[in-house]
Amino acid sequence: MRRALITGGAGFIGSHLVESLIAEGLEVYVLDDLSTGAVRNLDEVRSDPRLHLHLDDIDNGPLLTELVDRADVVFHLAAAVGVKLIVEDPVRTIETNIHGTEMILSRCARKRKKILLASTSEVYGKGQDSSFSEEDDLVFGATTKSRWSYGCSKAIDEFLGLAYWNEHGLPVVIARFFNTVGPRQVGQYGMVVPRFVQQALDGGPITVYGDGEQVRCFAHVSDIVWAMRSLMNCGEAVGQIFNVGSDQPVTINQLAEKVRELVNPDVEVVHIPYAEAYAEGFEDIRYRVPDVGKLRRVIGFEPKYDLEHILADVRDYLATESGLAGAFD
Ligand code: UDP
């Protein structure tokens, strides 16, 4: 593989993937409408001649056709993301996630270009108090709760990807990302780690929603980029779904404490009822832990970063952004 197309390449995860592929010597085509991404995410590689940046919508058919034609492989990361954004803007979520994926899959199928589809742990929906594995049932809430529109739209993407593989032999790999964090992730769409770290930097309080006993696992974006690249290079992965993330659980209360210790021991941690935190139509997920056995078996996935390291990285990044560079050296 010499040329890669990355949709959503100016986003948080996408920009790290772009950097990593450029460092490897690939030509990288980025298509991004900057809905949640930012050109400055690509500052490190902006002047590299191997970066080809297209700021446009995924539903620009002629451009998409041209970019897919040029690429050897495609990473499809463009999507509406972030629980807050999804709950507040379900029309955009559903249309972007379903229509954009249809557009790219049909073009990849015409030219048989291998594609990695970014999916999400949201497809598992709710319930269950043990880890999620790829063959588990999907359990969504009512359609009146707009949060589920995200998981449902991504589940349709998965069905479509698998159908292209089964009916047309299109090489597709599906990666279900669990909570991923690291530098360049912003808190404005709801992501808890940058929110807590920024709150601590600003003097608090740290706002825990609900009782704080909900459980998540956080992976560093560098480990996730490694997994994406390995899946793309792995023949055995084709036509398959993989959980991608950390399997080390932490409650949101524990997370808040860790952020407090690491960033600013003077800040207060407060609990806020869900009804005040989110727009109507929100329902939280209590327990989200992946079974990553399949990822370990097929590509030898072993995350390098633990939660302390992840939080320190996010702290250093956000401190620099807030003009506090070097404050934690
Ligand atoms: N959360 C929180 N305070 C915040 C933002 C999020 O307590 O300021 C909680 C949120 O309700 C959820 C968890 O942190 O239980 C993870 O939220 P995030 O939006 O990062 O990811 P997801 O819910 O998609 O796992």
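Because the structure is a prediction, the values reported are computed rather than measured. (Residues numbered from 1 in each chain as written. Predicted model: local features only at pLDDT ≥ 70, side-chain atom pairs only at ≥ 80, totals over all residues. Heavy atoms only, no water.)

What follows concerns the site of the ligand. Neighbouring the ligand are 19 residues, the closest being Arg-195, Tyr-209, Arg-216, Asp-284 and Arg-288. In this structure, an oxygen atom belonging to the ligand sits 2.7 Å away from a side-chain N or O atom of Arg-195. A distance of 2.7 Å separates an oxygen atom of the ligand from a polar side-chain atom of Arg-288. Expressed as a share of its isolated accessible area of 520 Å², the protein-covered part of the ligand is 95%. Taken together, the residues of the shell around the ligand sort by class into nine nonpolar, four polar and six charged. (Near = heavy atom within 4 Å. Polar contact = N/O pair within 3.5 Å; in protein donor to acceptor, adjacent residues only side chain to side chain. Areas by Shrake-Rupley, 256 points an atom, 1.4 Å probe, with all protein chains shown as cover. Nonpolar A, V, L, I, M, F, W, Y, C, P; charged D, E, K, R; others polar.)

This paragraph deals with helix H6 (residues 192–201). Across the ten residues that make up H6, a large majority, eight, are buried. Elements that come into contact with the buried residues of H6 comprise strand S7 (180–181), strand S8 (206–209), helix H8 (252–263) and helix H11 (307–321). Two residues or fewer after H6 comes Gly-203, characterised by a positive phi angle close to 95°. (Buried < 20%, exposed > 50% of the residue type's maximum accessible area, 1.4 Å probe, protein only. Helix = DSSP H or I, 4+ residues; strand = E, 2+ residues; numbered from the N terminus. Contact = heavy atoms within 4.5 Å.)

Contact pair helix H2 (residues 61–70) / helix H4 (residues 90–111): the axes reach a minimum separation of 10 Å and the direction vectors enclose 40°. Looking at the two axes, H2 sits oblique to H4. Read as a crossing pair, H2 and H4 show a hand that is right-handed. For the pair H2 and H4, the contacting residues are Gly-61, Leu-64, Thr-65, Val-68 and Asp-69 in the first and Met-103, Ile-104, Arg-107, Cys-108, Arg-110 and Lys-111 in the second. Looking at side-chain class alone, the contact of H2 with H4 contains five nonpolar, two polar and four charged residues. (Axes fitted to C-alpha atoms, helices over the stretch in contact; angles between N-to-C directions. Parallel < 35°, antiparallel > 145°, perpendicular 65-115°, else oblique. Left-handed = near helix turned anticlockwise from the far one by under 90°.)

A pair of packed helices can be characterised by two numbers: the angle between their axes and the separation between those axes. Where H6 meets H11, the axes come as close as 10 Å, and the angle between the chain directions of the two elements is 55°. As summarised for this structure, H6 and H11 are arranged oblique, according to the angle between their axes. The handedness of the crossing between H6 and H11 comes out as right-handed. Along its contact with H6, which presents Val-193, Pro-194, Val-197, Gln-198 and Leu-201, the element H11 presents Leu-311, Val-314, Arg-315, Leu-318 and Ala-319.

Our next topic: the sheet that holds strand S1 (residues 3–7). Strand order across the open sheet formed by seven strands is S3-S2-S1-S4-S5-S6-S11, with parallel pairing between neighbours. Every interior strand has two partners, whereas the edge strands, strand S3 (51–55) and strand S11 (240–244), have only one. Neighbour to neighbour, the strand axes of the sheet diverge by 20° on average, direction disregarded. As defined by bridge partners, strand S4 (residues 73–76) adjoins strand S5 (residues 114–120) across four bridges and the pair is classed as parallel. The residue of S5 that forms the bridge with Phe-75 is Leu-116. Across the sheet, helix H5 (residues 148–168) touches S5, strand S6 (172–177) and S11, and the angle it forms with S5 is around 155°. (Pairing = 2+ DSSP bridges.)

One pass over the full model with this rule turns up four aromatic pairs. Seen in terms of ring centroids, Trp-226 and Phe-301 are 6.4 Å apart; in terms of plane orientation they differ by 35°. Their pairing is tilted. Here Phe-301 lies in the loop between helix H10 (293–299) and H11 and Trp-226 lies in helix H7 (residues 221–232), a separation of 75 residues in the sequence. Look at Phe-301 and you get buried, because its relative accessible area is 2%. (Phe/Tyr/Trp six-rings, centres within 6.5 Å; stacked < 30°, edge-to-face > 60°.)

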